[in-house]
Amino acid sequence: MRKLILDLSSLENTDAVARKLATNLFPGAILLFWGSMGAGKTTFAKSLCAGLGVLPEIVTSPTYTLVNIYPGDWPVFHVDLYRLNAPEELDDFDREDLITDEGVTLVEWPQFLLNYLSDEPVLNLGFETVSEHQRLLSLESESGDFDILFKTLEQENSSLHKTVNSLSRSGT
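Residues numbered from 1 in each chain as written. Predicted model: local features only at pLDDT ≥ 70, side-chain atom pairs only at ≥ 80, totals over all residues. Heavy atoms only, no water.

Caption draft 1: The arrangement of the overall build of the protein in detail. Secondary structure summary: the protein contains 4 helices and 7 strands in total. When the helices and strands of the protein are placed in sequence order, the string is β-α-β-α-β-β-α-β-β-β-α. Radius of gyration (C-alpha) of the protein: 16 Å, near the 16 Å computed for a compact globule of 172 residues. Reported as C-alpha extents along the three principal axes, the dimensions of the protein are approximately 60 × 35 × 30 Å. Split into buried and exposed, the 172 residues of the protein put 44% on the buried side. Taken as a whole, the protein presents about 9,000 Å² of accessible surface, with 51% of it coming from carbon and sulfur. Here the protein contributes 12 positively and 26 negatively charged side chains, and the mean placements of these two sets differ by 11 Å. (Helix = DSSP H or I, 4+ residues; strand = E, 2+ residues; numbered from the N terminus. Rg over C-alpha atoms; globule rule 2.2 N^0.38 Å. Buried < 20%, exposed > 50% of the residue type's maximum accessible area, 1.4 Å probe, protein only. Areas by Shrake-Rupley, 256 points an atom, 1.4 Å probe, with all protein chains shown as cover. Lys, Arg positive; Asp, Glu negative; His and termini not counted. Charge placed at Lys NZ, Arg CZ, Asp CG, Glu CD.)

Printed below as a string of structure tokens:
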């Protein structure tokens, strides 16, 4: 399993990380968004969708509709299962209603969807609130399909830390 933890220290930083992540996605990718209410899942989803060619102003939390489908470079299925109380509430849905193989699937509150997944390329994104403007983003996957994404984000994260460290040593 690969794991990477990123510091999302501002909205600008969150937007940059989400857009960089988007450039390394592929059709069939499933992203599971874990985190408490207000942890930044939908904000991250908006920036991620923008990176996939979706107009950010049409991206809204699908809490009451369960699934929003956005046109972009590929279709983006944005699923929000917050209102569900049990996995059986998904029994009326076909897999194709919730997950796209031709595009990217984003799932907020995914715990009840886990039984629908088998060997698909899944990336878990855990959002943790540190302060009002700071979040920690934990990325985890067992799928080798995300190796390039992890390498890219690790390099970017390393470069960012080197820049910050050299700025702090120089007193700026």
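Caption draft 2: Representation of the packing of helix α1 (residues 11-23) against helix α2 (residues 41-51) in the model. Between α1 and α2, the least distance of the axes is 7 Å, while the angle of their chain directions is 45 degrees. Classified by the angle between their axes, α1 and α2 sit oblique to one another. Crossing handedness for the pair α1 and α2: right-handed. Contact residues: Leu 11, Thr 14, Asp 15, Val 17, Ala 18, Arg 19, Leu 21 and Ala 22 in α1; Thr 43, Phe 44, Ser 47, Leu 48, Ala 50 and Gly 51 in α2. Considered class by class, the residues forming the contact of α1 with α2 number 8 nonpolar, 4 polar and 2 charged. (Axes fitted to C-alpha atoms, helices over the stretch in contact; angles between N-to-C directions. Parallel < 35°, antiparallel > 145°, perpendicular 65-115°, else oblique. Left-handed = near helix turned anticlockwise from the far one by under 90°. Contact = heavy atoms within 4.5 Å. Nonpolar A, V, L, I, M, F, W, Y, C, P; charged D, E, K, R; others polar.)

Caption draft 3: Structural detail: the sheet that holds strand β1 (residues 2-8). In space, the 7 strands of this open sheet follow the order β1-β7-β6-β2-β5-β4-β3, with mixed pairing throughout. Sheet topology places β1 and β3 (67-70) at the edges, where each strand pairs with a single neighbour. Neighbour-to-neighbour, the strand axes of this sheet turn through a mean angle of 20 degrees, independent of strand direction. For strand β2 (residues 30-35) and strand β5 (residues 104-108), the ladder comprises 4 bridges, and the chain directions are parallel. By the bridge assignment, Leu 31 is partnered in β5 with Leu 106. Across the sheet, α1 lies against β1, β2, β6 (122-131) and β7 (134-141), angled at about 150 degrees from β1, the strand it touches most. Sheet strands touched by α2: β1, β2, β3, β4 (76-80), β5, β6 and β7. Its angle to β2, the strand with the most contacts, is close to 155 degrees. (Pairing = 2+ DSSP bridges.)

Caption draft 4: Examining the side chain of Glu 120 more closely. Structurally, Glu 120 is set in the loop between β5 and β6. A distance of 2.5 Å separates a polar atom in the side chain of Glu 120 from the backbone nitrogen of Ser 118. (Polar contact = N/O pair within 3.5 Å; in protein donor to acceptor, adjacent residues only side chain to side chain.)

Caption draft 5: View of the pairing of β5. In terms of residue burial, β5 counts as a mostly covered element, since 5 of its 5 residues are buried. Of the two faces of β5, the one holding Val 104, Leu 106 and Glu 108 and the one holding Thr 105 and Val 107 are both buried throughout. Where β4 meets β5, 5 bridges bridge the pair, whose relative direction is parallel. Note that in β5 the partner of His 78 across the bridge is Leu 106.

Caption draft 6: View of the side chain of Ser 143. Assignment of secondary structure puts Ser 143 in the loop between β7 and α4 (147-170). In this structure, Ser 143 is in contact with Pro 121 and Val 122, ignoring residues within four places of it in sequence.

The values are spatial; any link to function lies outside them.
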